[in-house]
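Here is how the chains run, residue by residue.
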Amino acid sequence: MTFKAITKLLGALIIIIAIIFYRYGRSRYEKLGETTFLKNKTVEIKIITRHEYLPLHYSGDAYSIACKSDQTSNFKEQKSIFVEEGWSTIPSLAFKCDVADSIKCDHQKLSEKAKKYINAFENSTVTSVTEDGVYVSFNGCQSFVHWNTSLINNESPNLKIFISNIQASDKGTISFSITPKTLKNDSVLYVESLDFGKTWKTKTVKTEF
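Caption draft 1: The overall build of the protein chain, seen in detail. When its secondary structure is counted, the protein chain shows three helices and twelve strands. Counting every position in the protein chain, which comprises 209 residues, the buried fraction comes to 37%. Within the protein chain, contacts between residues at least 6 apart in sequence are counted, and of these 41% link residues at least 24 apart.

Caption draft 2: Summary view of the state of the cysteines. In total, this model carries one disulfide according to the counting rule given. Cys67 shares a disulfide with Cys141; S-S distance 2.1 Å. Between Cys67 and Cys141 the disulfide shows an S-S torsion of about 80°. By sign, it is right-handed. Placement of Cys67 in strand β3 (residues 58–68) and of Cys141 in the loop between β7 (133–137) and β8 (145–148) is noted, with a sequence separation of 74 residues between them. Taking the relative accessible area as the measure of exposure, Cys67 reaches 0% and is therefore buried.

Caption draft 3: Spatial organisation of the packing of aromatic side chains. Across all of its chains, the model carries five aromatic pairs by this definition. Here Phe95 and Tyr117 contribute two aromatic rings whose centre-to-centre distance is 5.8 Å and whose plane-to-plane angle is 45°, an arrangement assigned as tilted. Linking Phe95 in the loop between β4 (87–89) and α2 (107–114) with Tyr117 in the loop between α2 and β5 (118–121), this pair joins segments that are 22 residues apart in sequence. You can call Tyr117 partly exposed: its relative accessible area is 32%. Considering the side-chain rings of Phe138 and Phe196, the 5.2 Å spacing of their centres and the 80° angle between planes classify their relative orientation as edge-to-face. One end of the pair, Phe138, is in the loop between β7 and β8; the other, Phe196, is in the loop between β11 (187–193) and β12 (201–206), with 58 residues separating them in the sequence. Assessed through its relative accessible area of 12%, Phe138 is described here as buried. The structure contains a cluster of three or more aromatic residues connected by ring pairs, namely Tyr63, Phe95 and Tyr117. Its end group placed over the ring of Trp87, Lys46 keeps NZ or CZ at 4.1 Å from the ring centre.

Caption draft 4: Focus on the sheet that holds strand β6 (residues 125–130). Read across the open sheet, the four strands follow the order β5-β6-β7-β8; overall the sheet is antiparallel. Only two strands of the sheet have a single neighbouring strand rather than two, namely β5 and β8. Each neighbouring strand pair of the sheet contributes to a mean axis angle of 20°, computed without reference to strand direction.

Caption draft 5: Here's a closer look at the environment of Ser64. Following the sequence through the fold, Ser64 ends up in strand β3. For Ser64, a relative accessible area of 9% translates into the label buried. Sequence-wise, Ser64 and Phe82 are 18 residues apart; in three dimensions their C-alpha atoms are separated by 8.4 Å. With residues near it in sequence (within four places) discarded, Ser64 still touches Lys46, Ile47, Ile48, Arg50, Ile81 and Val83. Engagement of the side chain of Ser64 in a polar contact is seen with the side chain of Arg50, the distance being 2.9 Å.

The rules behind these values
Residues numbered from 1 in each chain as written. Predicted model: local features only at pLDDT ≥ 70, side-chain atom pairs only at ≥ 80, totals over all residues. Heavy atoms only, no water. Helix = DSSP H or I, 4+ residues; strand = E, 2+ residues; numbered from the N terminus. Buried < 20%, exposed > 50% of the residue type's maximum accessible area, 1.4 Å probe, protein only. Contact = heavy atoms within 4.5 Å. Disulfide = S-S within 2.5 Å. Phe/Tyr/Trp six-rings, centres within 6.5 Å; stacked < 30°, edge-to-face > 60°. Lys NZ or Arg CZ within 6 Å of the ring centre and 35° of its normal. Pairing = 2+ DSSP bridges. Axes fitted to C-alpha atoms, helices over the stretch in contact; angles between N-to-C directions. Polar contact = N/O pair within 3.5 Å; in protein donor to acceptor, adjacent residues only side chain to side chain.

Set out below in structure tokens:
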């Protein structure tokens with residue numbers, strides 16, 4: 001084979017490799033859909049589903065939960081997760097994508113799950129229950145403070161708990177109940193903060209039947 005022929009062959013191989021890399025070797029994102037599932041006078045919250053192709057890392061569907069209010073108007077667009085300008089993201093549970101008519105995430109079914117863990121109170125307060133605790137924003141999703149489960153289970157890191165009865169207000173108060181399996185059946189933990197999440201108090205209370 002002549003040098004000219006080798007050069008031509010190498011050039012063709014480089015073009016083929018470049019095409020393959022462009023098609024399969026770079027990260028790609030495809031928006032699947034979105035659903036607004038919570039809205040009041042000042043806050044709107046929606047779930048956005050997407051397909052991600054991340055070479056040598058991950059290929060599959062994912063989602064983000066986004067929140068919009070007057071306080072998030074200066075937030076920048078997050079292109080790769082399809083969160084528009086003026087929206088922030090909310091920490092949330094890792095839900096499994098429900099299969100509908102295809103392998104793609106069903107954003108409407110996921111939004112029904114999210115409703116159980118994300119709440120809005122008064123005008124600007126939003127709470128979200130996650131695997132590692134409770135997140136709360138008192139300023140329309142501009143920023144979040146976090147109550148971490150490690151505050152009660154340092155000695156038992158694998159302790160399973162159930163969080164319920166969340167109440168919060170724009171005045172900076174939040175409270176909720178926790179039922180760990182290690183407590184007696186007639187007792188629950190009561191957690192509260194009265195200073196916008198700067199400090200948290202926990203006490204054991206008896207339930208009445």
